[in-house]
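Here is how the chains run, residue by residue.
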Amino acid sequence: MRVLIAYGSTEGQTRKIAETIAGQVRALGHEAKLFDTSGLQGDLHPESFDKIIVAGSVHEERHQESVEIFVVANRKRLQAKPTMFISVSLAAAFEGGQADAQGYAEAFFDNVGWHPAQSLLVSGAVRHDAYGYYKEHILEHVVLENRDLDDPESDHEFTDWNALAKAINEFVGT
Ligand SMILES: Cc1cc2nc3c(=O)[nH]c(=O)nc-3n(C[C@H](O)[C@H](O)[C@H](O)COP(=O)(O)O)c2cc1C
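Note that the structure is predicted; figures quoted are calculated from it, not measured. (Residues numbered from 1 in each chain as written. Predicted model: local features only at pLDDT ≥ 70, side-chain atom pairs only at ≥ 80, totals over all residues. Heavy atoms only, no water.)

Let's talk about the packing of helix H2 (residues 65-73) against helix H4 (residues 98-112)
Okay, so step 1: Relative orientation of the contacting elements H2 and H4 amounts to 45°, with a least axis distance of 9 Å. Between H2 and H4, the angle falls in the class oblique. Relative to H4, the crossing made by H2 is right-handed. The segment H2 lies against H4, with Val-67, Glu-68, Val-71 and Val-72 engaging Phe-108, Asn-111 and Val-112. (Axes fitted to C-alpha atoms, helices over the stretch in contact; angles between N-to-C directions. Helix = DSSP H or I, 4+ residues; strand = E, 2+ residues; numbered from the N terminus. Parallel < 35°, antiparallel > 145°, perpendicular 65-115°, else oblique. Left-handed = near helix turned anticlockwise from the far one by under 90°. Contact = heavy atoms within 4.5 Å.)

Below you can see the structure in the form of structure tokens.
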């Protein structure tokens, strides 16, 4: 089986997630192709894959524009395949954040006019090294407002790798 994993990542966590999925797909004996939506599509042919995973992360309540463009450009091909959308956010990491995380994904589906067969809300990460002043400010005063972190100065990885592996196992295995 050939699995395409198309992803957008601003600070690297969704890339790490996509690479982990590719490793898992290969370990299951299948072919995995990683595609960064911020690059040129070139000779990528999504129709030649059996299953397609699209992943993106949320910044200021939206997924990457490059992920939106990828989906819009390939909507018909995506509609013809088993698909999974992975939305990476910090809202997903907090109790009471699930509705926000779900809302980002729903808004994405409405914007691009595509409803994947499956979708998964995945908790992202805080990586202070990847932010400048503006991003640090948004993270502290908007995204993490009313959400307590034990050690706000440190990096945090909230991604539940076991839950992700289980979901990918089911998606690839069915
Ligand atoms: C400037 C900025 C804005 C963000 N906005 C949101 C947001 O609106 N909602 C949310 O749940 N997470 C938000 N996040 C958290 C990211 O979704 C999270 O850090 C994710 O792991 C980023 O994935 P990436 O490294 O693949 O880009 C924001 C992060 C940054 C740095």
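Some points on the pairing of strand E1 (residues 2-7)
Across a regular strand the side chains alternate sides, sitting on one face of the sheet and then on the other.
Okay, so step 1: Counting buried positions over the six residues of E1 gives five, a clear majority of the element.
Okay, so step 2: With helix H1 (residues 13-27) bridging E1 and the parallel strand E2 (residues 31-36), this β-α-β connection has right-handed handedness.
Okay, so step 3: Looking at chain direction, E1 and strand E3 (residues 51-59) are connected through five bridges and run parallel. Looking at E3, one finds that Ile-5 is bridged to Ile-53. (Buried < 20%, exposed > 50% of the residue type's maximum accessible area, 1.4 Å probe, protein only. Right-handed = clockwise from strand over helix to strand, strands pointing away. Pairing = 2+ DSSP bridges.)

Topic: the packing of H1 against helix H6 (residues 161-173)
Okay, so step 1: Where H1 contacts H6, the axes come no closer than 10 Å and their chain directions differ by 50°. The orientation of H1 relative to H6 falls into the category oblique. Handedness of the crossing formed by H1 with H6: right-handed. Residues Gln-13, Lys-16, Ile-17, Thr-20, Ile-21, Gln-24 and Val-25 of H1 lie in contact with H6, whose contacting residues are Trp-161, Leu-164, Ala-165, Ile-168, Asn-169 and Val-172.

Concerning a negative patch on the surface
Okay, so step 1: A cluster of acidic side chains, namely Glu-140, Asp-148, Asp-150, Asp-151 and Glu-153, defines a negative patch on the protein surface.
Okay, so step 2: A relative accessible area of 73% means that Asp-148 is categorised as exposed. (Patch = residues over 30% accessible without salt bridge, like charges linked within 9 Å, V, L, I, M, F, W, Y side chains within 5 Å. Areas by Shrake-Rupley, 256 points an atom, 1.4 Å probe, with all protein chains shown as cover. Salt bridge = Lys/Arg side-chain N within 4 Å of Asp/Glu carboxyl O. Lys, Arg positive; Asp, Glu negative; His and termini not counted. Charge placed at Lys NZ, Arg CZ, Asp CG, Glu CD.)

Focus on unusual backbone geometry
Okay, so step 1: One non-glycine residue with positive phi stands out, namely Glu-61, at about 75°.
Okay, so step 2: Here Glu-61 lies in the loop between E3 and strand E4 (62-63).
Okay, so step 3: Judged by relative accessible area, which is 56%, Glu-61 ranks as exposed.

Some details on the packing of aromatic side chains
Okay, so step 1: Applying the stated criterion across every chain, the model contains seven aromatic pairs.
Okay, so step 2: For the pair Phe-85 and Phe-108, a centre-to-centre distance of 4.5 Å together with 10° between the ring planes defines the contact as stacked. Within this pair, whereas Phe-85 is found in strand E5 (residues 83-89), its partner Phe-108 is found in helix H4, the two being separated by 23 residues in sequence. Summarising the burial analysis for this pair, Phe-85 and Phe-108 share the class buried.
Okay, so step 3: Both rings, one in Phe-85 and one in Trp-114, keep their centres 6.2 Å apart while their planes meet at 90°; by these two values the pair is edge-to-face. With Phe-85 in strand E5 and Trp-114 in the loop between H4 and strand E6 (118-123), the pair connects residues that are 29 residues apart, well separated along the chain. (Phe/Tyr/Trp six-rings, centres within 6.5 Å; stacked < 30°, edge-to-face > 60°.)

All we've got here are geometric facts, nothing functional implied.
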